[in-house]
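# Working through the structure, step by step
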Amino acid sequence: MMINTVILSWVTFVYFLSSIFYILKLVTGKQLPGIIATYISLFGIIVQTIALILRWIESYKLGIGHAPLSNLYESLIFFAWVIVLLYLIIEWRIKSRKLGAFIIPFAFIAMAFASFSPNVKSRIQPLIPALQSNWLISHVISSFLGYAAFTIAFGLALMYFLKGDERKRKNGFFSRILPSKDILDELAYQSIVMGFIFLTLGIITGSVWAYSAWGSYWSWDPKETWSLITWLIYATILHSRFVRGWRGKRMAILSMIGFASVLFTYFGVNYLPGLHSYF
Amino acid sequence: MLSKIKNLFISFFSSLKLTIVLLLIIAIVSILGTVIPQGVDVSGKIESDLLNTFKFLQLFDVYHSLWFILLMVLLSLNLIVCSLKKAPAAWKLYSIIPSPDRKKPFENIPLDRILRLQKDKDQVIGIVKNILLKKYKRFRKKDLDEITFLYGEKGAFSHFGIYIIHMSILIIITGAIVGSLMGFEGIMNIPEGESSNIARLVRHNKVKKFDFTIRCDAFSIEYYSNGMPKEYRSSLSFIKDDKVAYQGPLLVNHPITFQDIRFYQASYGKMPGGKAHLNVKKGDENPNQLTAMQNDSFYFKEEDAAITIKRVEKNFMNIGPAVLIAVQTSDADFTFWVIKNLSRLKSQIPGLFEKFPKFDPGSFKPYNFTLNKIEDTYYTGIQLSYDPGVSIVATGSFIIIIGIFVTFFSSHKKIWVRVEGEGEQVKLSVAGTSSKDPVALQREINNILKNIKNELGEA
Ligand code: HEM
């Protein structure tokens, strides 16, 4: 095993630890576990960044230099990295550590899947000619920013459901510890908007890449088609909010459907008949 | 009656319900398209009612089917009608500048937005005016008795954000339809050293003949150390009217455009057989080189003989590379093999030529053939496309990004400032509204207050 993959498999445990502390923070309502959790996450993302840079350098040493964004393993690692990054930005902006318990675990899951699933190869592989493109790099970056934002929206939707009915007299356990529904709803909406913007950019940069590599900016291959389906679902969600004013529970349900579509776009399409599935 | 139909039309096509239904139908149809294999030719295969129904519904080519285009047209109508219906309201929001002396914005403003200053009133008004003029394109001022009202606004353009987005989607749909009606996609496989002017079209099982010829001068592959291909390139010449009009390498991700048609390095393959390098020796003369592929023919003038390379085998009967040569003269017609590992075979099988006369490379007298090597030859797989809609789609994609930024990252902010005397003091109140971003508005107002204090030396 190369040093970067060893470090990255350790980062998995760092995110696990950080998830535990975020959950502790949420359950106990105390400040200290939250502060510890933030520092662990910061530590994790810094180490992960270093490991990614090492991996990049290593690929050049192997004579096949390319950005670490070119296979399932690398995309999962990058996915986790973006989730933690976006989350830390949100935490810093809203000055609350209550959301971490429902977001950082996704980074942990992605890292664990990358590091420990026998189906995910962690070796640095050379790039086949079609993947040697800068458009592809911008495509992957914007797509995964989008996926991560939708994942965060999904975490917020989960919290929304657990929160239950605020107006009830006897509040359940989750209802007491979670942030108010208005905040969850607003944050979920903002995450969806961010995700939608990045997904739009991802689709556009992807078709520019396809135009220079495959002969057509759009060829209805399953991956392309599913990204369009995801886009249409989120467009529907946004319209129902803009025009109909749908909020709360309906939005939460819709954003779960949207997330299912994201997952299928990411993993599911590999099981469909198609031409080029790299991730 | 007519106006009733018109109203019905407008209310049907401007409804968001229609939008949502259409978007979801398109999503579902797209899912079908990823589950049912697309573009396969099912005619003549197994006939069944289900298959025929699918064929009738064009489910094997969903994305080019009539009703998919119909969905696009409905979606476009939806967008156009809705935009036209709402445009006047947006125009009003954009163009009408409210009067500076409105009272409502000042109702219930927080206390920190009111300053009480020991300054000259006219000086304060001058400073506020300068600050607002600097930051806001639209500025109004109004003096009413003892009160002065100042007003500034910016970001009015943000009301057009969604129209820009919707328009860009119309542009993209237009470009896609133009492309699918007027464009084509094709495939050409050209062996190294050969030319072609015919492409097989991807859809409809048709071919297209060009008024120019493409010659593949050379094809090469570079491999990584683990055997994966690193780069493949074809050197192409585009020949028109017997002249080379363009010459250059074609690489993956680096297409060539010729006469508005784009050519892509898509694939490659090995030709059956390969390229044989032979030596031909006549009596005691120096040997001549002969390079040939399967089915190549040569004419030997002195003997009036036609020589054809019938087969090029990399591993003939497990004894290695061999070439089958056919000789045709006016009075003879025979074939023989030229084997690369002849000496080894001879030592294994004594009296080889007596047992197998066909293995004698000197069968065609007075010549003797030897086989040096057989080289792989490749054909280059070129994908080509002509799509006049691309620039339209690209324009639409560019505009949608602009529209998204205008929609989500700008807001129409209006700021009112009221300056009035209050005994010895000057009372200054700041109020504002924002079309969607209350946080940014708060920041905006705090900035203004800070600037005013700075200018007055009260920070
Ligand atoms: C996929 C193609 C789209 C279609 C067919 C579509 C269609 C429509 C229609 C028909 C309306 C008007 C409904 C009404 O006011 O009653 C509408 C409103 C709206 N659309 Fe879209 N839209 C599309 C994409 C988008 C995108 C990508 C965005 C931005 C992210 C967007 C943002 C909006 C907004 C903000 C409104 C509300 C306008 C208002 O309240 O006046 N739309 N859309």
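Quick caveat: nothing in here was measured; it's all calculated off a predicted structure.

## A look at the overall build of chain A
The number of helices and strands found in chain A is nine helices and zero strands. Traced from its N-terminal end to its C-terminal end, chain A shows the element sequence α-α-α-α-α-α-α-α-α. Counting only C-alpha atoms and orienting by the principal axes, one finds that chain A spans roughly 65 × 45 × 30 Å. Per-residue burial for chain A yields a buried fraction of 58% across its 279 residues. Within chain A, contacts between residues at least 6 apart in sequence are counted, and of these 78% link residues at least 24 apart. When the accessible surface of chain A is totalled, it reaches about 12,300 Å², and 70% of it is carbon and sulfur. Once the 23 positive and 10 negative side-chain charges of chain A are each reduced to a mean point, those two points are 9 Å apart.

## Notes on the interface of chain B and chain A
Much of the literature gives interface size as the accessible area that the parts lose upon coming together. At the interface, 41 residues of chain B touch 39 residues of chain A. Together chain B and chain A conceal approximately 3,600 Å² of surface at their shared face, both sides included; 72% is due to carbon and sulfur atoms. Viewed at the interface, chain A and chain B are joined by zero salt bridges. Where chain B meets chain A, there are four residue pairs in polar contact (both at pLDDT 80 or more). The set of elements that each furnish at least two residues to the side of chain B that touches chain A consists of helix 2 (16-35), helix 6 (161-182), strand 7 (229-240), strand 10 (261-270), strand 18 (378-386) and helix 9 (390-409) of chain B. Top element by residues in the side of chain B that touches chain A is helix 2 of chain B. It accounts for ten residues. Of the residues assigned to the side of chain B that touches chain A, the class counts are 25 nonpolar, ten polar and six charged.

## Topic: the site of the ligand
His 239 of chain A together with Cys 82, Lys 86, Ile 162 and His 166 of chain B are the nearest of the 19 residues found near the ligand. Near the ligand, the surrounding residues are drawn from chains A and B. Ser 14 of chain B places a polar main-chain atom, nitrogen or oxygen, 3.5 Å from an oxygen atom of the ligand. Measuring from a nitrogen atom of the ligand, one finds a side-chain N or O atom of His 166 of chain B at 2.7 Å. Among the secondary structure elements, those contributing two or more residues to the shell around the ligand are helix 8 (222-242) of chain A together with helix 2, helix 4 (66-95) and helix 6 of chain B. If you tally residues by element for the shell around the ligand, the top one is helix 4 of chain B, at five residues. Counted by class, the shell around the ligand contains 13 nonpolar, five polar and one charged residues.

## Looking at the domain arrangement of chain A
Residue and element names in this part refer to chain A. The domain architecture assigned to chain A consists of domain 1 (1-126) and domain 2 (128-279). Here domain 1 and domain 2 have C-alpha centroids that lie 20 Å from each other. Contacts between the two partners involve 24 residues from domain 1, matched on the other side by 28 residues from domain 2. For the pairing of domain 1 and domain 2, the buried interface totals around 2,300 Å² over both sides, and the portion due to carbon and sulfur atoms is 85%. Where domain 1 meets domain 2, there are zero salt bridges.

## A look at helix 9 of chain B
If you check helix 9 of chain B, its first and last C-alpha atoms are 28 Å apart, about what 20 residues at 1.5 Å a residue would give, namely 28 Å. Listed as buried for helix 9 of chain B are Val 390, Val 393, Gly 396, Ser 397, Ile 399, Ile 400, Gly 403, Ile 404, Val 406, Thr 407 and Phe 408 of chain B. Looking at the packing, one finds that the buried side of helix 9 of chain B touches helix 7 (181-213) and helix 8 of chain A together with helix 6 of chain B.

## Some remarks on the coordination of the iron atom of the ligand
Ideal coordination angles are 109.5 degrees for a metal with four donors arranged tetrahedrally and 90 or 180 degrees for a metal with six donors arranged octahedrally. At the metal site, the iron atom of the ligand is ligated by His 239 of chain A (NE2) and His 166 of chain B (NE2), and these contacts range over 1.8 to 2.0 Å. Considering all six donor atoms around the iron atom of the ligand, the spread of angles at the metal, 86 to 180°, places the coordination shape in the octahedral class. Placement of His 239 of chain A in helix 8 and of His 166 of chain B in helix 6 is noted, with the two residues assigned to different chains. Taken individually, His 239 of chain A and His 166 of chain B each receive the classification buried, so the pair is uniform in this respect.

## Focus on the confidence of the model for chain A
Averaged over every residue, the pLDDT of chain A is 88; the share at 70 or more is 94%. The model gives residues 275-279 of chain A a pLDDT under 50, and that stretch makes 20 contacts with residues more than four places away or in other chains.

## Details of the domain arrangement of chain B
Once the domains are mapped, chain B shows domain 1 (2-94), domain 2 (98-155 + 411-456), domain 3 (181-270 + 379-396) and domain 4 (275-377). Of note, the centres of domain 1 of chain B and domain 4 of chain B, computed from C-alpha atoms alone, are 65 Å apart.

## Focus on the sheet that holds strand 3 (residues 147-154) of chain B
All names here are of chain B. Spatially, the five strands line up as an open sheet ordered 1-20-19-3-2, and their pairing is antiparallel. Each of the sheet's edge strands pairs with one partner strand only, and the pair in question is strand 1 (114-117) and strand 2 (138-144). Strand-to-strand, the axes of this sheet are offset by a mean angle of 15°, without reference to chain direction. For strand 19 (residues 413-422) and strand 20 (residues 425-434), the ladder comprises ten bridges, and the chain directions are antiparallel. The partner of Lys 413 across the bridge, within strand 20, is Ser 434. Of the strands in this sheet, strand 1, strand 2, strand 3, strand 19 and strand 20 are in contact with helix 5 (residues 121-135), which crosses strand 3 at around 10°.

Calculation rules
- Residues numbered from 1 in each chain as written.
- Chains lettered and ligands numbered in written order.
- Predicted model: local features only at pLDDT ≥ 70, side-chain atom pairs only at ≥ 80, totals over all residues.
- Heavy atoms only, no water.
- Helix = DSSP H or I, 4+ residues; strand = E, 2+ residues; numbered from the N terminus.
- Buried < 20%, exposed > 50% of the residue type's maximum accessible area, 1.4 Å probe, protein only.
- Contact = heavy atoms within 4.5 Å.
- Areas by Shrake-Rupley, 256 points an atom, 1.4 Å probe, with all protein chains shown as cover.
- Lys, Arg positive; Asp, Glu negative; His and termini not counted.
- Charge placed at Lys NZ, Arg CZ, Asp CG, Glu CD.
- Buried area = accessible area lost by both parts, 1.4 Å probe.
- Salt bridge = Lys/Arg side-chain N within 4 Å of Asp/Glu carboxyl O.
- Polar contact = N/O pair within 3.5 Å; in protein donor to acceptor, adjacent residues only side chain to side chain.
- Nonpolar A, V, L, I, M, F, W, Y, C, P; charged D, E, K, R; others polar.
- Near = heavy atom within 4 Å.
- Domains from an automatic or database assignment.
- Expected span 1.5 Å × (residues − 1).
- Donors = N, O, S within 2.8 Å, 3.2 Å for Na, K, Ca; no water.
- Tetrahedral: all angles 85-135°; square planar, octahedral: opposite > 155°, others 65-115°.
- pLDDT = per-residue confidence, 0-100.
- Pairing = 2+ DSSP bridges.
- Axes fitted to C-alpha atoms, helices over the stretch in contact; angles between N-to-C directions.

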